[in-house]
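What follows is the residue order along each chain.
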Amino acid sequence: MPMDAYIYDTLRTPRGRGKKDGSLHEVKPIELLAGLLRELGRRTDLDTSQVDDLILGCVTPLGDQGGNIARTAALYAEWDVSVPGVQINRFCSSGLEAANMAAAKVASGWDDLVVAGGVESMSRVPMGTDGGPMAYDPRVAGQVGFVPQGIGADLIATLEGFAREDLDHFALDSQQRASSARDSGWFNRSVIPVCDPNGLPILEQDEYIRPGTTMEALAGLKPAFATVGEMGYDAVAQLKYPQVERIQHVHTAGNSSGIVDGAALVLVGSEAKGKALGLKPRARFVSGALVGMEPTIMLTGPGPASIKALKKAGMAVGDIDLFEINEAFAAVVLRFMRDVGLESTDQVNVNGGAIALGHPLGATGAMLLGTVLDELERRDLNTALIALCIGGGMGIATIIERV
Amino acid sequence: MALHYDKDAEGIVTLTMDTEDRPVNLIDEALQVELEQAIEKLESETSLSGVILASAKDTFVAGADMAMLEKMSNPTAAFAAVEGTKATLRRLETLGCPVVAAMNGTALGGGLELALACHHRIALDRPQARFGFPEVTFGLLPGGGGVTRLTRMLGLQAAFPHLTEGRTLDASSALEAGIVDELAPDKEALMTQARDWIKPHHESRQPWDQKGFRLPGGGPDKPAVAQMVSMATAMILKSTRRNYPAPMAILSTMVDGALVDFDTASRIESRAFTELVTGKVAKNMIRAFWFQMNEINKGRSRPKDVPPQQVHTVGILGAGLMGHGIAYVTALSGIDVVLKDVTQAQAESGKERVARLLEGRVRKGRLTEDDQQTVLERIRATGDVADLSDCDLVIEAVFEDREVKAAVTRETETLLAEDAVFASNTSTLPITSLAAAAARPENFIGLHFFSPVHRMKLVEIIVGEQTTPTTLAKAFDFVRRLGKTPIVVNDSRGFFTSRVFTTYVDEGMALLKEGQNPRAIESAGLQAGLPLGPLAVSDEVNLGLAVHVREQTRKDLAAEGREMPRLASDDVLEILVNQEGRLGKAQGAGFYDYPEDGPKALWPGLAELFPLSETQLSQTEMMDRLTFRQALEAVRCLDEGVVTSVADANIGSVLGWGFAPFKGGVIQFINDRGLPAFVARAEALEKAYGAQFRPPESLVRMAEAGETFG
């Protein structure tokens with residue numbers, strides 16, 4: 001890279017249950033973003049006219065979050081009118097993709113200071129409402145072999161021999177780790193409460209976590225994808241995986257990511273711009289990578305993307321202190337571990353993940369970046385790798401290092 | 001003239017279709033030209049109050065002319081042709097005055113499309129009349145506006161099954177489905193009702209030509225509908241495995257068309273139709289299921305100079321699986337049956353199974369309770385062979401054993417009239433050798449029914465060395481009377497169907513023996529278009545039976561001083577049957593386990609007996625091995641005169657063991673591939689896997705001469 005791109009700050013909203021009874025259902029996505037933008041400006045004492053771009057991920061960009069919500073949010077938060085904005089969509093990785101794009105712009109010298117992040121109010125704009133030919137155009141879906149992600153996750157578990165108990169065990173860990181991290185205040189540095197116009201708090205902490213989760217309770221949940229699988233999607237997957245006699249439906253609401261509302265931001269800039277604005281760099285981007293994989297199984301990207309990012313950085317798995325892998329489904333993380341040769345979860349998702357906390361599609365990647373950086377600092381470790389699986393069979397990985 | 005134009009005093013024009021030289025009206029070039037002329041005339045009428053579309057035949061319009069469709073191979077010409085037809089229909093529905101279809105009978109395919117272009121549809125309520133879109137069964141879509149109009153009439157969800165399943169409805173079901181608007185009790189009422197509908201309507205427009213038209217149930221941009229479309233896509237992939245392009249093309253046309261205006265949707269439909277009609281699958285299916293099927297059912301393989309033969313009473317020996325099935329279909333076709341087994345009780349139990357099949361038919365509304373009783377009364381169950389004396393056809397369906405069959409032949413034949421025909425339902429034993437036990441071998445013939453008899457449409461008629469043309473004609477006419485399709489084959493071990501089918505299961509077992517993943521083998525069979533994988537179908541047929549047949553064959557050949565070549569499947573069966581005692585589905589254990597509380601699953605023990613090879617073959621490689629064995633064996637059967645027509649081979653393969661219908665049968669499979677490409681591939685397979693893949697010389701010659709199987 002011609003020059004280094006640094007992370008100066010990370011912040012996010014708490015994650016609210018992505019349903020009508022979720023605390024953030026009453027809050028429009030633009031308000032989630034505006035709250036964070038104002039707070040970022042305040043706590044870094046930012047001259048917003050110095051921001052070259054605002055890049056925000058959003059996976060279902062219509063209605064409340066349509067029409068280029070990034071530029072809209074910058075204007076609504078009363079940032080300087082010179083701040084442009086763009087909304088991007090690389091499905092579930094959009095928040096991390098936004099950060100990587102910001103880093104690439106800074107590293108290349110095109111921009112000096114970029115705010116990246118993402119937003120998704122899944123309770124207000126449900127997943128899938130934007131349609132799209134990959135899932136909904138018969139000719140396209142038929143040729144590509146589209147199946148819902150859960151079928152892909154179940155297929156991974158079937159091929160890898162992950163039993164329901166393995167996945168539930170992983171889910172239980174996620175709940176316990178997330179619950180302990182929240183209660184210990186380890187998320188506090190990044191989490192900004194969502195308040196109403198009177199300053200009254202609407203949601204102060206992540207609310208999706210179920211601290212009392214037990215193996216028995218998890219074991220009692222019904223497989224989420226058995227019915228649609230039986231109706232046809234299993235057969236679609238088997239056309240590509242003819243050696244699979246029967247897809248084991250082992251994913252449930254308990255060992256898959258939660259549907260939540262939330263937003264996140266990351267302040268990315270060059271060394272010179274940081275100095276000029278009096279900002280203290282927290283970490284630098286070491287490398288980032290994207291891969292495309294077989295789209296029907298869809299969710300096998302994190303391993304290969306990570307290997308590609310490590311190679312680019314001249315690093316080995318052993319050089320990474322913490323791994324933050326999006327828990328879209330438990331099998332995705334287990335498969336990642338197998339792909340990169342990790343035998344225990346000691347360094348993986350140490351404060352839990354989307355199974356416990358939820359996965360606000362467009363924002364998650366940026367949230368993971370902030371969560372793992374906070375934890376590196378808390379533990380005084382140096383390197384972290386963040387990876388997510390992505391719809392359409394893609395994968396993304398980013399490596400950061402504290403400075 | 002195919003179309004008569006009559007204008008009455010009230011300004012109503014009746015267009016009556018009456019295609020010359022045809023028993024039914026078809027949408028052919030002549031009718032299309034005349035329809036266009038008629039519409040030109042209608043457009044120039046000054047005092048037109050309405051139009052009635054009617055038919056002078058017993059049917060309204062039976063469909064499109066298949067010969068015309070079969071010839072369509074140039075996309076430019078096909079697209080222009082279908083667009084032309086549709087432009088005519090569009091002019092009819094936008095005349096401005098009311099247009100009524102007075103359907104006095106069946107309206108299928110293009111015929112129903114014609115009716116949908118009218119503003120109102122009245123159907124004569126008669127039991128024979130059928131309505132629907134069978135296009136998909138020939139690999140096509142309703143390209144004359146059927147997809148576009150029915151989707152707009154009923155909505156995506158309701159139109160979907162009518163367009164993709166190929167089923168037809170009777171008049172009242174068509175009314176219920178909303179395809180027909182009203183029923184008429186008789187022909188006179190039909191025309192009166194048509195006039196009555198026209199009179200109060202001074203102008204008439206289709207719903208989709210009216211302002212504010214909305215698709216019933218909502219368009220595919222509505223999330224709930226989008227979810228349904230996604231599910232329907234998966235269901236189509238599940239059922240077609242991408243082998244049949246038509247259902248997906250139909251769904252795609254429905255969805256794409258629902259997002260745009262009528263005329264654009266109609267053009268999208270024409271493009272999809274063009275793609276299908278000029279494609280290989282439609283050609284294969286039209287050739288097999290229209291032309292070759294008709295050729296067979298019209299008696300191509302029946303002796304020409306023998307007058308039609310009647311059978312009055314059929315004797316059936318053995319009331320087991322096959323015997324009771326044959327009794328059922330025979331009685332159902334109106335023929336008396338004497339069902340004989342060793343004891344009266346065994347015969348009664350066979351009759352009881354027939355009663356249960358009839359009850360099922362009544363439950364489905366396909367038989368009245370009165371008729372059920374009549375049919376059952378046609379069957380006389382007996383344990384006494386003397387009761388067979390009046391039978392003019394006896395079919396033995398006893399155990400597949402020479403001695404047993406010889407004994408019942410001798411015992412029965414002496415009681416029968418001189419001209420009575422004796423048939424064996426053997427599936428494997430050469431007919432000429434069985435006929436040796438008969439005093440009148442010239443009256444002896446093979447009638448190979450398939451299991452389950454009431455569902456399988458094929459009967460393989462086997463002509464022994466001494467079988468006379470009259471015997472053959474009698475058997476042929478009997479099979480036609482049952483409503484089944486007869487193919488006629490000459491005597492050979494395994495005849496045609498068993499002989500070729502055996503190569504499929506043998507190759508499947510060869511792959512297993514080589515250490516290929518058993519599930520991947522099964523998938524390859526399914527992907528190749530067979531209804532069951534080679535291992536699953538072996539379990540169905542029964543592994544024990546397969547071993548028994550082979551031992552019998554070995555003995556027979558030994559008696560002729562010949563040795564039976566040892567097949568890969570002999571080794572596999574030896575292990576499964578003799579070593580492991582796994583006999584098949586009936587015994588609950590074969591290549592699969594059959595748990596009582598769940599679906600069958602491949603037996604895990606296979607992994608130890610046939611460990612996976614390091615080299616796992618691609619699906620394509622396995623599919624080629626599984627299909628080429630069959631196609632090559634079928635060519636050998638043609639060479640040896642076991643089958644004498646390509647039609648018999650193709651239809652026999654599809655109806656007999658379910659060989660890839662989208663390929664149009666086991667010989668058309670070779671045409672589909674192209675003979676030179678097929679021969680080259682067979683030679684490559686021969687090099688890799690052995691002589692079983694060597695292409696016969698006849699085939700190599702045909703390929704060199706640029707010929708195809710006709």
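Note that this is a predicted model, so its numbers are computed, not measured.

1. Concerning the overall build of chain A
Then, number 1: Helices and strands together make up the secondary structure of chain A, namely 14 helices and 12 strands.
Then, number 2: Relative to its length of 403 residues, chain A is compact, with a C-alpha radius of gyration of 20 Å against a globular reference of 22 Å.
Then, number 3: With the C-alpha coordinates aligned to their principal axes, the bounding extent of chain A is approximately 60 × 45 × 45 Å.
Then, number 4: Taking as baseline every contact in chain A between residues at least 6 positions apart, the subset at least 24 positions apart corresponds to 84%.

2. Considering the overall build of chain B
Then, number 1: Within chain B, the regular secondary structure consists of 29 helices and 21 strands.
Then, number 2: Expected size for 710 residues packed as a compact globule is a radius of gyration near 27 Å; at 28 Å, chain B falls within 12% of this value.
Then, number 3: Along the first, second and third principal axes, the C-alpha atoms of chain B reach 90 × 65 × 55 Å.
Then, number 4: For chain B, buried positions account for 50% of its 710 residues.
Then, number 5: For chain B, the share of sequence-separated contacts (at least 6 apart) that also reach a separation of at least 24 residues comes to 72%.

3. Quick look at the packing of helix α7 (residues 164-183) of chain A against helix α12 (residues 330-340) of chain A
Helix-helix packing is described using two parameters, namely the angle between the two axes and the distance between the axes.
Residues and elements named next belong to chain A.
Then, number 1: Two elements in contact, α7 and α12, have axes separated by 9 Å at closest approach and are oriented at 95°. Relative to α12, α7 is oriented roughly perpendicular. In this structure, α7 contributes Asp 166, Leu 167, Phe 170 and Ala 171 to the contact, and α12 contributes Ala 330, Ala 331, Val 333 and Leu 334.
Then, number 2: Of the residues in the contact of α7 with α12, the class split is 7 nonpolar, no polar and 1 charged.

4. Here's the deal with the environment of B:Ala224
Residue and element names in this part refer to chain B.
Then, number 1: The residue Ala 224 is located in helix α9 (residues 223-240) in this model.
Then, number 2: Looking at Ala 224, the number of C-beta atoms within 10 Å reads 10, which means it is exposed.
Then, number 3: As a C-alpha pair, Ala 224 and Ala 331 span 107 residues in sequence and 50 Å in three-dimensional space.

5. Re the pairing of strand β13 (residues 336-340) of chain B
Residues and elements named next belong to chain B.
Then, number 1: Counting buried positions over the 5 residues of β13 gives 4, a clear majority of the element.
Then, number 2: Where strand β12 (residues 313-317) lies against β13, 5 bridges are found, and the strand directions are parallel. Bridge pairing links Leu 317 to Lys 340 in β13.
Then, number 3: You can see the chain leave β12, run along helix α13 (residues 321-332) and come back into β13, and the turn it takes is right-handed.
Then, number 4: Relative to strand β14 (residues 379-382), β13 is paired through 4 bridges, and the arrangement is parallel. What sits directly across from Leu 339, in β14, is Ala 381.

6. What to know about the pairing of strand β8 (residues 260-269) of chain A
Residue and element names in this part refer to chain A.
Then, number 1: Of all 10 residues in β8, 10 are buried; the element is thus mostly enclosed.
Then, number 2: Side chains Val 260, Gly 262, Ala 264, Val 266 and Val 268 of β8 all project onto a buried face; the interleaved residues Asp 261, Ala 263, Leu 265, Leu 267 and Gly 269 project onto the opposite face, where all are buried too.
Then, number 3: Where strand β1 (residues 6-12) and β8 come together, 6 bridges link them in antiparallel fashion. Bridge pairing in β8 places Tyr 6 opposite Gly 269.

7. Things to note about the domain arrangement of chain B
Then, number 1: Parsing chain B into structural domains produces domain 1 (3-278), domain 2 (313-492) and domain 3 (497-619).
Then, number 2: Put simply, the middle of domain 1 of chain B and the middle of domain 2 of chain B, counted by C-alpha atoms, are 44 Å apart.

8. Let's talk about the nonpolar core
Then, number 1: Counting residues in each nonpolar core, the largest one holds 358 residues, and the members touching the most others are A:Ala116, A:Val268, A:Ala366, B:Ile445 and B:Ile461.
Then, number 2: By residue number, the principal contributor to this core is helix α25 (residues 619-639) of chain B, which donates 10 residues.
Then, number 3: In contact with A:Ala366, not counting residues within four places along its chain, are A:Gly95, A:Leu96, A:Ala98, A:Ala99, A:Ala116, A:Gly117, A:Gly118, A:Ala264, A:Leu265 and A:Val266.

9. Brief notes about α25(B)
All names here are of chain B.
Then, number 1: End to end, α25 covers 30 Å across 21 residues, agreeing with the expected 30 Å (1.5 Å per residue, within 8%).
Then, number 2: Among the 21 residues that make up α25, 16 are buried, leaving the element largely enclosed by the rest of the structure.
Then, number 3: Where α25 terminates, the next one or two residues include Gly 641, which has phi positive at roughly 75°.

10. Section: the sheet that holds strand β8 (residues 120-124) of chain B
Two strands in a sheet stick together by hydrogen bonds in their backbones, pointing the same way (parallel) or opposite ways (antiparallel).
Residues and elements named next belong to chain B.
Then, number 1: Strand order in the open sheet made by the 6 strands is β1-β2-β4-β6-β8-β11, with mixed pairing throughout. Edge positions in the sheet fall to β1 (3-7) and β11 (182-184), since each of these pairs with one other strand and no more. Sheet twist, expressed as the mean angle between neighbouring strand axes with direction ignored, is 20°.
Then, number 2: Relative to strand β6 (residues 99-103), strand β4 (residues 50-55) runs parallel, the two being bridged by 3 bridges. If you follow Val 51 over to β6, its bridge partner there is Val 99.
Then, number 3: The strands touched by helix α1 (residues 29-44) within the sheet are β1, β2 (12-17) and β4, with β1 carrying the most contacts at an inclination of about 20°.

11. Focus on unusual backbone geometry
Then, number 1: Residues B:Ser451 and B:Pro452 are joined by a peptide bond in cis, for which omega reads -5°.
Then, number 2: Considering the arrangement of structural elements, one finds B:Pro452 in the loop between β17 (444-449) and β18 (458-463).
Then, number 3: Phi at A:Asp45 takes a positive value of approximately 50°, unusual for a residue other than glycine.
Then, number 4: Assignment of secondary structure puts A:Asp45 in the loop between α1 (29-44) and β3 (53-57).
Then, number 5: For A:Asp45, a count of 9 C-beta atoms within 10 Å gives the class exposed.

12. Overview of the sheet that holds strand β15 (residues 393-396) of chain B
All names here are of chain B.
Then, number 1: Overall, mixed pairing links the 8 strands, which are arranged β14-β13-β12-β15-β16-β17-β18-β19 in an open sheet. The open sheet is flanked by β14 and β19 (485-490), the only strands paired with a single partner. The sheet shows a mean angle of 25° between the axes of neighbouring strands, taken without regard to direction.
Then, number 2: In the packing of helix α16 (residues 402-413) onto the sheet, the strands contacted are β12, β15 and β16 (421-424), and the crossing angle to β15 comes to about 160°.

13. Details of the interface of chain B and chain A
Then, number 1: Contact residues are listed per partner, giving 26 residues for chain B and 20 residues for chain A.
Then, number 2: Elements represented by at least two residues in the side of chain B that touches chain A include exactly α9, α10 (245-258), α20 (518-527) and β21 (601-602) of chain B.
Then, number 3: Ranked by residue count, the leading element in the side of chain B that touches chain A is α9(B), at 10 residues.
Then, number 4: Here the side of chain B that touches chain A is built from residues that sort into 15 nonpolar, 7 polar and 4 charged.

14. Re the confidence of the model for chain B
Residues shown with low pLDDT carry predicted positions that ought not to be read at fine detail.
Then, number 1: Predicted confidence across chain B gives a mean pLDDT of 96, with 100% of residues reaching 70 or more.
Then, number 2: Interface confidence for the predicted complex, expressed as ipTM, amounts to 0.91; the pTM equals 0.94.

15. Digging into the packing of helix α19 (residues 497-513) of chain B against helix α23 (residues 568-579) of chain B
Residue and element names in this part refer to chain B.
Then, number 1: Interhelical geometry of α19 versus α23 gives an angle of 70° and a closest axis separation of 8 Å. Taken together, α19 and α23 sit at an angle that is classed as roughly perpendicular. At the point where α19 passes α23, the crossing takes the left-handed sense. Residues Val 505, Asp 506, Met 509, Ala 510, Leu 512 and Lys 513 of α19 form the contact with α23, whose participating residues are Ala 568, Ser 569, Asp 571 and Val 572.
Then, number 2: Classifying every residue of the contact of α19 with α23 by side-chain character gives 6 nonpolar, 1 polar and 3 charged.

16. Quick word on helix α18 (residues 469-481) of chain B
Residues and elements named next belong to chain B.
Then, number 1: Taking 1.5 Å of rise per residue, the 13 residues of α18 would be expected to cover 18 Å, and the 18 Å separating its terminal C-alpha atoms lies within 8% of that figure.
Then, number 2: Three or more residues of α18 are buried, namely Thr 471, Leu 472, Ala 473, Lys 474, Ala 475, Phe 476, Phe 478 and Val 479.
Then, number 3: Looking at the residues trailing α18, positive phi occurs at Gly 483, about 80°.

17. Some points on the environment of B:Ser204
Residue and element names in this part refer to chain B.
Then, number 1: Mapped onto the secondary structure, Ser 204 falls in the loop between α8 (187-198) and α9.
Then, number 2: Taking C-alpha positions, Ser 204 is 8.3 Å from Thr 94, a pair spaced 110 residues apart along the chain.
Then, number 3: The residues touching Ser 204, leaving out its near neighbours within four places in the chain, are Cys 97, Pro 98, Val 99 and His 119.

18. As for the environment of B:Pro661
Residue and element names in this part refer to chain B.
Then, number 1: Within the fold, Pro 661 resides in the loop between α26 (646-657) and α27 (668-673).
Then, number 2: C-alpha of Pro 661 to C-alpha of Asp 28: the two residues are 633 residues apart in sequence and 26 Å apart in space.
Then, number 3: In contact with Pro 661, not counting residues within four places along its chain, are Met 285, Gly 529 and Val 654.

Rules used in this analysis
- Residues numbered from 1 in each chain as written.
- Chains lettered and ligands numbered in written order.
- Predicted model: local features only at pLDDT ≥ 70, side-chain atom pairs only at ≥ 80, totals over all residues.
- Helix = DSSP H or I, 4+ residues; strand = E, 2+ residues; numbered from the N terminus.
- Rg over C-alpha atoms; globule rule 2.2 N^0.38 Å.
- Contact = placed C-beta atoms within 7 Å.
- Buried ≥ 20, exposed ≤ 12 C-beta atoms within 10 Å, placed from the backbone.
- Axes fitted to C-alpha atoms, helices over the stretch in contact; angles between N-to-C directions.
- Parallel < 35°, antiparallel > 145°, perpendicular 65-115°, else oblique.
- Nonpolar A, V, L, I, M, F, W, Y, C, P; charged D, E, K, R; others polar.
- Pairing = 2+ DSSP bridges.
- Right-handed = clockwise from strand over helix to strand, strands pointing away.
- Domains from an automatic or database assignment.
- Core = buried A, V, L, I, M, F, W, Y, C linked by C-beta atoms within 7 Å.
- Expected span 1.5 Å × (residues − 1).
- pLDDT = per-residue confidence, 0-100.
- Left-handed = near helix turned anticlockwise from the far one by under 90°.

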